[in-house]
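Commentary on secondary and tertiary structure
As a plain string of letters, each chain reads:
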Amino acid sequence: NVSEHMVGNVYCKYYREADAAKAVAGLDNRFYGGQLIQAEHTPVTEFREARCRAFHETRCARGGLCNFMHVKHVPKAIKRKIVREMYDAHPEFTGPGARYHAERERSRSRERKDTQPARQTDEERRKMIAQWNLERANSLKAQVPIPAPRPLE
């Protein structure tokens, strides 16, 4: 939203208050986009009534000037990536999903991803194509030309 009283507000929901306190302490004296982050706890536990139902149904006519929250959900792919990174960084974590993550580590698809060759740079591809062209030109030169048939007189 672009209303002055709503610009820049980000709300995060935590399962445990201790985790929320840790996040607030971690954001203290940090900057984002050149602005000082002012993290604080909010007494609101349920945002259902604060969100714009019209935006949720993709028909909010007020746009950025709406006084209700326009909630933007994090895509599942990004959530998965962040959770995977969290488990990699903190292998001692045994909370919800830890068992699932351990099973995913042993899947075959993850192994295949790591064995794929690295993508070439533009310069490497150009050199490779130039080499192919040179080899092709040399092979064409090496071929013995077949004389054209002579016309019958």
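Structural notes, computed from the coordinates. (Residues numbered from 1 in each chain as written. Predicted model: local features only at pLDDT ≥ 70, side-chain atom pairs only at ≥ 80, totals over all residues. Heavy atoms only, no water.)

Computed from the structure, the second largest pocket encloses a volume of approximately 1,300 Å³. Together, 28 residues line the second largest pocket, and V10, Y11, C12, A39 and E40 are the ones closest to its centre. Secondary structure elements with two or more residues in the lining of the second largest pocket: helix 1 (17-27) and strand 2 (35-36). Examining the composition of the lining of the second largest pocket, we find that 5 residues originate from one element, helix 1, more than from any other. (1 Å grid on protein atoms, 1.4 Å probe; cavity = no way out; pocket = protein on both sides within 12 Å on 5 of 7 lines; lining within 4 Å. Points joined across faces, edges and corners; volume = space filled by probe spheres on them. Helix = DSSP H or I, 4+ residues; strand = E, 2+ residues; numbered from the N terminus.)

Time to look at the pattern of salt bridges. A side chain with one charge can pair with a side chain of the opposite charge if their charged atoms come near. This structure, assessed with the given rule, holds 3 salt bridges. One salt bridge connects D19 with R16, and the closest N-O pair in it is separated by 3.1 Å. Here K127 and E123 are joined by a salt bridge, their closest N and O atoms 3.6 Å apart. With K127 and E123 both in helix 6 (residues 122-142) and 4 residues apart, this pair spans about one turn of that helix. (Salt bridge = Lys/Arg side-chain N within 4 Å of Asp/Glu carboxyl O.)

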